[in-house]
Amino acid sequence: MPRPTAAQLAYGSCTVIFSTLAMLLLSQTSSGVGIAVIAVAALALGLLVAMTAPAPKSRVVAVRQPAAQEAEQAEAPVPASIAAVASEPVHERAAS
């Protein structure tokens, strides 16, 4: 069984807390048996909500090229027009 995500834990916990409060306020019970029944029902409801919350979809991972192919692509020939510009020295003007 996969581990629950943080969102599933949060949904389940909030469901348990709010459903327990709502059932206790609506039923106005004060007996120990009534409170225990409400607590068990709230836990079951929280578990149901946590398990039905959507799980994250699996991601598609890009496949990396081997290092030899990456090196070949990095050493691709430079066009002559760019090579000519790159070989000229840079002359900067002095500040006036």
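Residues numbered from 1 in each chain as written. Predicted model: local features only at pLDDT ≥ 70, side-chain atom pairs only at ≥ 80, totals over all residues. Heavy atoms only, no water.

Caption draft 1: View of a nonpolar patch on the surface. Side chains of Ile 17, Phe 18 and Leu 21 sit close together on the surface and give an oily, nonpolar patch of about 330 Å² of accessible area. In this fold, Phe 18 is placed in helix H1 (residues 6-27). (Patch = residues over 30% accessible without salt bridge, like charges linked within 9 Å, V, L, I, M, F, W, Y side chains within 5 Å. Areas by Shrake-Rupley, 256 points an atom, 1.4 Å probe, with all protein chains shown as cover. Salt bridge = Lys/Arg side-chain N within 4 Å of Asp/Glu carboxyl O. Helix = DSSP H or I, 4+ residues; strand = E, 2+ residues; numbered from the N terminus.)

Caption draft 2: Structural view of H1. For H1, which comprises 22 residues, the first-to-last C-alpha distance of 31 Å matches the rise-based estimate of 32 Å (1.5 Å per residue) to within 8%. In this structure, the buried residues of H1 make contact with helix H2 (32-52). Two residues or fewer after H1 comes Gln 28, characterised by a positive phi angle close to 50 degrees. (Expected span 1.5 Å × (residues − 1). Contact = heavy atoms within 4.5 Å.)

Caption draft 3: Representation of unusual backbone geometry in the model. Within the chain, Gln 28 stands out as a residue other than glycine whose phi angle is a positive 50 degrees. In this structure, Gln 28 sits in the loop between H1 and H2. A relative accessible area of 68% places Gln 28 in the exposed class. (Buried < 20%, exposed > 50% of the residue type's maximum accessible area, 1.4 Å probe, protein only.)

Caption draft 4: Quick peek at H2. A rise of 1.5 Å per residue sets the reference length of H2, with its 21 residues, at 30 Å; its end C-alpha atoms lie 30 Å apart and thus fit the reference within 8%. Next to the buried residues of H2 lie H1.

Distances and angles like these do not, on their own, reveal function.
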